[in-house]
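In case you want the letters, here they are:
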Amino acid sequence: MTVTISPDVAARPAATPTRRPRDRHRRGSTRWVVLALVTAGAVVMLVPLGFMLLNAFKSPSDYSNHGPLSWPSGLYTKGLQTYWHESDYPRKLWNSILISGSVAVFGVLVSLLNAYALGIGRVRGRLWIVGLFLLANMLPQESLVYPLYYFAKEVGLYNTRLSVIIIFVVIQSAFGTYLLASVLGTFPRALLEAATVDGAGKWTILWRIVFPNLRPTLSVLLIFFFIWTWNEFLIPLVMLVDNSTQTIPVALASLQGDRLMDAPTTNAGSLISLLPAIIFFLIFQRTLTRGITAGAEK
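Residues numbered from 1 in each chain as written. Predicted model: local features only at pLDDT ≥ 70, side-chain atom pairs only at ≥ 80, totals over all residues. Heavy atoms only, no water.

Right, let's talk about the overall build of the protein for a bit. Within the protein, the secondary structure is distributed over 14 helices and 0 strands. Counting from the amino terminus, the protein carries its helices and strands in the arrangement α-α-α-α-α-α-α-α-α-α-α-α-α-α. For the protein, the proportion of its 298 residues judged to be buried stands at 33%. Expressed as a percentage of contacts within the protein between residues at least 6 apart in sequence, the contacts between residues at least 24 apart total 75%. (Helix = DSSP H or I, 4+ residues; strand = E, 2+ residues; numbered from the N terminus. Buried < 20%, exposed > 50% of the residue type's maximum accessible area, 1.4 Å probe, protein only. Contact = heavy atoms within 4.5 Å.)

So, about the packing of helix α4 (residues 78-86) against helix α13 (residues 263-283). One way to put it is that α4 packs onto α13 with a least axis distance of 8 Å and a crossing angle of 70°. Taken together, the axis directions place α4 and α13 in an arrangement best described as roughly perpendicular. Once α4 is placed against α13, the crossing between them reads as right-handed. Along the contact surface, α4 presents Gly79, Leu80, Thr82, Tyr83 and Trp84, while α13 presents Thr265, Ala268, Gly269, Ile272 and Ser273. Residue composition of the contact of α4 with α13, by class: 5 nonpolar, 5 polar and no charged. (Axes fitted to C-alpha atoms, helices over the stretch in contact; angles between N-to-C directions. Parallel < 35°, antiparallel > 145°, perpendicular 65-115°, else oblique. Left-handed = near helix turned anticlockwise from the far one by under 90°. Nonpolar A, V, L, I, M, F, W, Y, C, P; charged D, E, K, R; others polar.)

A word on the packing of aromatic side chains. For the structure shown, the criterion picks out 12 aromatic pairs. Look at Phe225 and Trp228: their rings are 6.1 Å apart centre to centre, the planes differ by 50°, and that puts the pair in the tilted class. Note that Phe225 and Trp228 are positioned in helix α10 (residues 202-230) at a spacing of 3 residues, about one turn of the helix. The partly exposed category is assigned to Trp228, whose relative accessible area is 34%. (Phe/Tyr/Trp six-rings, centres within 6.5 Å; stacked < 30°, edge-to-face > 60°.)

Quick look at α4 now. Inspection of α4 places Gly79, Leu80 and Tyr83 among the buried residues, and these make up the whole buried set. Buried positions in α4, seen along its axis, are confined to an arc of 100° and lie on one side of it. For α4, the exposed residues lying more than 90 degrees away from the buried face are Lys78, His85 and Glu86. Lining the buried residues of α4 we find α5 (89-119), α12 (248-253) and α13. (Arc of directions from axis to C-beta.)

Let us now look at α10. Here α10 is 29 residues long, yet its end C-alpha atoms lie only 34 Å apart, well below the 42 Å a rise of 1.5 Å per residue gives. Taken as a whole, α10 carries its principal kink of about 60° at Arg215; the proline Pro216 stands between one and four residues after it. (Expected span 1.5 Å × (residues − 1). Bend = angle between axes of the 7 residues up to and from the residue.)

Moving on, we come to unusual backbone geometry. Excluding glycine, most residues fall at negative phi; most peptide bonds, likewise, are trans. Of note in the backbone geometry, Asp88 takes a positive phi value of approximately 55° without being a glycine. Tracing the sequence through the fold places Asp88 in the loop between α4 and α5. Positive phi, close to 65°, is recorded for Asn159, a residue that is not glycine. Topologically, Asn159 is positioned in the loop between α7 (145-155) and α8 (161-184).

Geometric values such as these leave the question of function open.
Below is the structure:
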């Protein structure tokens, strides 16, 4: 029995064996070095938190006799109670949530509208305006305190939460506008032109095309604006002098006197003041991860 081989099959080269992709988990010692460095960095960052937890439940006498590095002899909770009642913590918590949440939402909205006009609307002098927003991010807050104080006094907004909200919406949106304008400057023009041909107006393009594509980036900005505003101290200290309008960082500063500081109460206050920000971050950590990953892929 004879087997005939067609010329096409005979001329076809032999199939080369496919090479298996290299396993990304087998990259030698470099991966373990990077992992060790990241772990060491995480431990260093957690050291202050460990000291705070160690001294938050320590009595003043225990702290003064054995120092901040000793293990507490008992569970001392009077510092938490003192800070809770003397600082009116529930009211301070509400003020911080209201101010930070309002700044995050309105800051992202203002940044989106500004960036849409600069990145897609092609406003005349766009580069100069974006450069101005970049310059605004470099200004230290100390140089803004007196003008903001004077203007707030003149318009009757001094010692109100609205004044702090307006100030930080402008400050945070300066960074957000610069970031989003750079992103929208590279937005596909063909997509916008196709929407215009279909009869879509500027608002329709913004909310139906631009906004869905920028949603991961906007979610990251929302989280950053909230955390940044939550940690602000100088401007709320100057603008909010009434106990009913102050925020948590200002309340923590009131625990320290001219010559004496109750370290256990301060650590206890820092602990319960930090918990809302940690809870907020844990809730939105997936959103933050997705937003950063989407930005890297784009």
